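Below are the chains, spelled out letter by letter.
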Amino acid sequence: MNGRPLTLLIAAAVVALEGLVALGLGVYVAVQTLTGKPDDLTSALAEAVFGLLIGAGLLWVAWGGLFKMERWGRSPGVLTQIFMLPVGGTLVTSDQPQLGIPVIVLGVLGLVTLLAPPTTQALYPDDQAPDPGPSRR
């Protein structure tokens, strides 16, 4: 499987899915802003640009970082998952569990796979402690 553990592939897929959703929401807000009459055009455009940038950034982390087994990809991936948990919790407590529960599940799945030992071994192969061999007394 070309050296990528399943946990790393799942983590990359989770981050990519989050990126696609953010990108889609950014496009949706941009289209709604340009075709409708927003109360505050500047805020609506800023929200659309933010969604597009976050989506593109997460796709870059998923593909250019995690899928290509670059060490730098894990930190923004973990940070994203940490942010997903309170967002999902807020959605659940705001009477939107149909959105909040999947967000929490993705956040937990992303954290577990990003911090799993096979992912760590794949991203940090030189940092593994060498086997000291049998101890001699």
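Now for a look at the structure at hand. (Residues numbered from 1 in each chain as written. Predicted model: local features only at pLDDT ≥ 70, side-chain atom pairs only at ≥ 80, totals over all residues. Heavy atoms only, no water.)

### Some thoughts on the overall build of the chain
Part 1 of the reasoning: On a plain count of helices and strands, the chain comes out with five helices and zero strands.
Part 2 of the reasoning: Counting helices and strands in the order they occur from the N terminus, the chain gives α-α-α-α-α.
Part 3 of the reasoning: Since a compact globule built from 137 residues should have a radius of gyration of about 14 Å, the 19 Å found for the chain marks it as more spread out than a globular shape.
Part 4 of the reasoning: Taking the principal axes of its C-alpha atoms as reference, the chain extends roughly 80 × 30 × 25 Å.
Part 5 of the reasoning: Burial statistics for the chain: of 137 residues in total, 33% are counted as buried. (Helix = DSSP H or I, 4+ residues; strand = E, 2+ residues; numbered from the N terminus. Rg over C-alpha atoms; globule rule 2.2 N^0.38 Å. Buried < 20%, exposed > 50% of the residue type's maximum accessible area, 1.4 Å probe, protein only.)

### Concerning unusual backbone geometry
Part 1 of the reasoning: A positive phi is found at Met-69, a non-glycine position, where the angle reads about 60 degrees.
Part 2 of the reasoning: Position of Met-69 relative to the elements: it lies in the loop between helix H2 (41-67) and helix H3 (74-93).
Part 3 of the reasoning: Judged by its relative accessible area of 27%, Met-69 is partly exposed.
Part 4 of the reasoning: The residue Asp-95 is not glycine, and still its phi comes out positive at about 60 degrees.
Part 5 of the reasoning: Within the fold, Asp-95 resides in the loop between H3 and helix H4 (97-115).

### Looking at the side chain of Thr-33
Part 1 of the reasoning: Looking at where Thr-33 falls in the secondary structure, it is placed in helix H1 (residues 6-35).
Part 2 of the reasoning: Accessibility expressed as a relative area gives 6% for Thr-33, which makes it buried.
Part 3 of the reasoning: Excluding residues within four positions of it along the chain, Thr-33 makes contact with Pro-38, Leu-41, Ala-44 and Leu-45. (Contact = heavy atoms within 4.5 Å.)

### Digging into H4
Part 1 of the reasoning: For H4, with 19 residues, the first-to-last C-alpha span of 26 Å sits near the 27 Å given by 1.5 Å per residue.
Part 2 of the reasoning: Listed as buried for H4 are Gly-100, Val-103, Gly-107, Gly-110, Leu-111, Thr-113 and Leu-114.
Part 3 of the reasoning: Those residues of H4 hidden inside the fold are in contact with H1, H2, H3 and helix H5 (117-123). (Expected span 1.5 Å × (residues − 1).)

### Quick word on the packing of aromatic side chains
Part 1 of the reasoning: If you walk through the whole model with that rule in mind, you get two aromatic pairs.
Part 2 of the reasoning: Geometrically, the ring pair formed by Trp-60 and Trp-72 is tilted, given 4.7 Å between the ring centres and 35 degrees between the ring planes. Highlighted residues: Trp-60 in helix H2 and Trp-72 in the loop between H2 and H3, separated in sequence by 12 residues.
Part 3 of the reasoning: With relative accessibility at 56%, the residue Trp-60 sits in the exposed group.
Part 4 of the reasoning: Centroid distance Trp-63 to Phe-67: 4.7 Å. Interplanar angle 15 degrees. Geometry classified as stacked. Of this pair, Trp-63 and Phe-67 both sit in helix H2, separated by four residues, roughly a single helical turn.
Part 5 of the reasoning: Since its relative accessible area comes to 25%, Phe-67 is described here as partly exposed. (Phe/Tyr/Trp six-rings, centres within 6.5 Å; stacked < 30°, edge-to-face > 60°.)

### A look at the side chain of Arg-74
Part 1 of the reasoning: Among the secondary structure elements, Arg-74 is positioned in helix H3.
Part 2 of the reasoning: Contacts of Arg-74, omitting those with residues within four sequence positions, involve Leu-66, Leu-114, Leu-115, Thr-119, Thr-120, Leu-123 and Tyr-124.

### Here's the deal with H2
Part 1 of the reasoning: Taking 1.5 Å per residue, 27 residues should reach 39 Å; H2 reaches 37 Å between its end C-alpha atoms and fits that length.
Part 2 of the reasoning: Those residues of H2 that fall on the buried side of the exposure criterion are Ala-44, Ala-48, Gly-51, Gly-55, Leu-58, Val-61, Ala-62, Gly-64, Gly-65 and Leu-66.
Part 3 of the reasoning: The inward-facing, buried residues of H2 abut H1, H3 and H4.
Part 4 of the reasoning: Downstream of H2 by one or two residues, Met-69 has phi in the positive range, about 60 degrees.

Read these as layout, nothing more, since geometry by itself doesn't imply function.
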